[in-house]
Amino acid sequence: MEGKIYVAGHHGMVGSAILRWLEARNAEIVTRTHAELDLTNQAAVQDFFDQERPDLVILAAAKVGGILANTTYPAQFIHENLMIQANVIHEAYRSGVTRLLQLGSSCIYPKYATQPMSEDALLTGTLEPTNEPYAIAKIAGIKLCESYNRQYGVDYRSVMPTNLYGPGDNFHPDNSHVLPALIRRFHEARQSGRENVTIWGTGTPRREFLHVDDMAEACLFVLDLDAETYARETDPMLSHINVGTGIDISILELAQMVADITGFEGAIETDPTKPDGTPRKLLDVSRLQRLGWQASIGLEEGIRQTYQWFCQHEAQVRR
């Protein structure tokens, strides 16, 4: 992978994992913190690209969160993600970047999409209401890449990960995704000697989880594909690629796994008054498997690694 690579969102969980993989390749990398560069500011992004002139862009920056965050801040989720994508993708093109990888989300698919969800399920039905603003923004990111490809002949690709977790995750009690939220909740319950933990919803929804190191490896794998191979498995107006394990688990089963790993021995209760979200979210990853990549980190192993990281960084996580 030659030339200067700009990793947008390098402090995030996915961006930092991608950074580690690129550093292992001795790649030339350029980054900016949010304090140094506000990606929602078009003029600032333009100045950055004029100054740095990267050869390749990996767009891993996004405003993300779980059900509570998405339902509490819908305007921020759609606005910030639309602005980040529009600014980075357009200024990349304007400055001569011909290769770009944009990271999306499996929430782009309809709430009741046929399982497992293949790439061609996009725009075939109504989205899950709790994260629709975020999903709309990520769909727009895909279409931005496809539109610039079609009009300008660049090579901008999109990958759609399933639920990600791992070192560097957000463990905030209100704004985190389900797996890190469970890790923190069961860890604190064990520490305080609580007799029970209540999880949101019925516990029946099924989710798929991918370790962030697998995601980083998949991103570089997709970037390394030659244009002919990538085009053979995609379509100009349906060009994104799913990234996942192809295996799902119920939220209640996940909670039990996290309880076992954290050493919590009390009862697990459900709260059906809280939203479940999409009944099932399992990606069809056959496209990526045909191209030659599949995940290698099992869920239990990955949660153990993540919990170990959490314990080592607990003071930092709580700030």
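Note: the structure precedes this text.
What you see is a predicted model, and the numbers here were worked out from it, not measured in a lab.

### Focus on the sheet that holds strand β1 (residues 4–8)
Thinking step 1. Pairing is parallel across the open sheet formed by 6 strands, whose spatial order is β2-β1-β3-β4-β5-β9. Edge positions in the open sheet fall to β2 (28–30) and β9 (241–243), since each of these has one partner strand only. When the angles between neighbouring strand axes are averaged without regard to direction, this sheet yields 25 degrees.
Thinking step 2. As paired elements, strand β4 (residues 99–103) and strand β5 (residues 155–161) share 5 bridges and run parallel to each other. Bridge assignment links R99 to a residue of β5, and that residue is D155.
Thinking step 3. Its contacts with the sheet place helix α1 (residues 13–24) against β1, β2, β3 (56–59) and β4, and it is angled at close to 160 degrees to β1.
Thinking step 4. Here helix α7 (residues 212–224) sits on the sheet and contacts β3, β4, β5 and β9; the angle it forms with β4, its principal contact strand, is near 150 degrees.

### Quick word on the pattern of salt bridges
Thinking step 1. Under the counting rule described, the total for this entry stands at 17 salt bridges.
Thinking step 2. For R184, the salt bridge is made with E188, and the minimal N-O distance between the two is 2.8 Å. Taken together, the residues span about one helical turn, with R184 and E188 both in helix α6 (residues 178–192) at a distance of 4 residues.
Thinking step 3. Judged by relative accessible area, E188 falls into the partly exposed class, the value being 27%.
Thinking step 4. Note that D248 is salt-bridged to R280, the shortest N-O span being 2.6 Å. Taken together, the residues D248 in strand β10 (residues 248–250) and R280 in strand β12 (residues 280–281) connect sequence positions 32 residues apart.
Thinking step 5. We classify D248 as buried; its relative accessible area is 13%.

### Describing the packing of α6 against helix α11 (residues 299–312)
Thinking step 1. Where α6 contacts α11, the axes come no closer than 11 Å and their chain directions differ by 60 degrees. Judged on the interaxial angle alone, α11 and α6 are oblique. Read as a crossing pair, α6 and α11 show a hand that is right-handed. Only L299, I303, T306, Y307, F310 and C311 of α11 make contact with α6, whose side of the interface consists of L179, I183, R184, H187 and R190.
Thinking step 2. Broken down by class, the residue content of the contact of α6 with α11 amounts to 7 nonpolar, 2 polar and 2 charged.

### Regarding the pairing of strand β8 (residues 206–211)
Thinking step 1. β8 sits mainly inside the fold: 5 of its 6 residues count as buried.
Thinking step 2. As judged from the 3 bridges shared by strand β6 (residues 163–165) and β8, these two strands associate in the parallel manner. Note that in β8 the partner of Y165 across the bridge is H211.
Thinking step 3. Note that β8 and β10 share 3 bridges and pair antiparallel.

### Quick notes on the packing of aromatic side chains
Thinking step 1. According to the stated counting rule, one finds 11 aromatic pairs in the structure shown.
Thinking step 2. Ring plane angle 80 degrees and centroid distance 5.3 Å describe the contact between F48 and F49, whose orientation is recorded as edge-to-face.
Thinking step 3. You can call F49 buried: its relative accessible area is 0%.
Thinking step 4. On the basis of an interplanar angle of 55 degrees and a centroid distance of 5.4 Å, the ring pair of Y148 and Y152 is categorised as tilted. Taken together, the residues Y148 and Y152, both in helix α5 (residues 132–152) and 4 residues apart, mark about one turn of the helix.
Thinking step 5. Here a set of aromatic residues connected by ring pairs shows up, and it is made of F171, Y307, W309 and F310.
Thinking step 6. K63 extends its terminal NZ or CZ atom over the ring of F77, reaching a point 5.2 Å from the ring centre.
Thinking step 7. Cation over ring: R157 sits above Y230, and NZ or CZ is 4.3 Å from the ring centre.

### Some remarks on helix α4 (residues 74–94)
Thinking step 1. Here α4 spans 30 Å end to end across 21 residues, near enough to the 30 Å set by a 1.5 Å rise per residue.
Thinking step 2. For α4, the set of buried residues is F77, N81, I84, Q85, N87, V88, I89, E91 and A92.

### Describing unusual backbone geometry
Thinking step 1. Going from Q115 to P116, the amide bond is cis rather than trans, its omega being -10 degrees.
Thinking step 2. One can find P116 in the loop between β4 and α5.
Thinking step 3. Located in the positive-phi region is N26, a residue other than glycine, with phi close to 60 degrees.
Thinking step 4. Considering the arrangement of structural elements, one finds N26 in the loop between α1 and β2.

The rules behind these values
Residues numbered from 1 in each chain as written. Predicted model: local features only at pLDDT ≥ 70, side-chain atom pairs only at ≥ 80, totals over all residues. Heavy atoms only, no water. Pairing = 2+ DSSP bridges. Helix = DSSP H or I, 4+ residues; strand = E, 2+ residues; numbered from the N terminus. Axes fitted to C-alpha atoms, helices over the stretch in contact; angles between N-to-C directions. Contact = heavy atoms within 4.5 Å. Salt bridge = Lys/Arg side-chain N within 4 Å of Asp/Glu carboxyl O. Buried < 20%, exposed > 50% of the residue type's maximum accessible area, 1.4 Å probe, protein only. Parallel < 35°, antiparallel > 145°, perpendicular 65-115°, else oblique. Left-handed = near helix turned anticlockwise from the far one by under 90°. Nonpolar A, V, L, I, M, F, W, Y, C, P; charged D, E, K, R; others polar. Phe/Tyr/Trp six-rings, centres within 6.5 Å; stacked < 30°, edge-to-face > 60°. Lys NZ or Arg CZ within 6 Å of the ring centre and 35° of its normal. Expected span 1.5 Å × (residues − 1).

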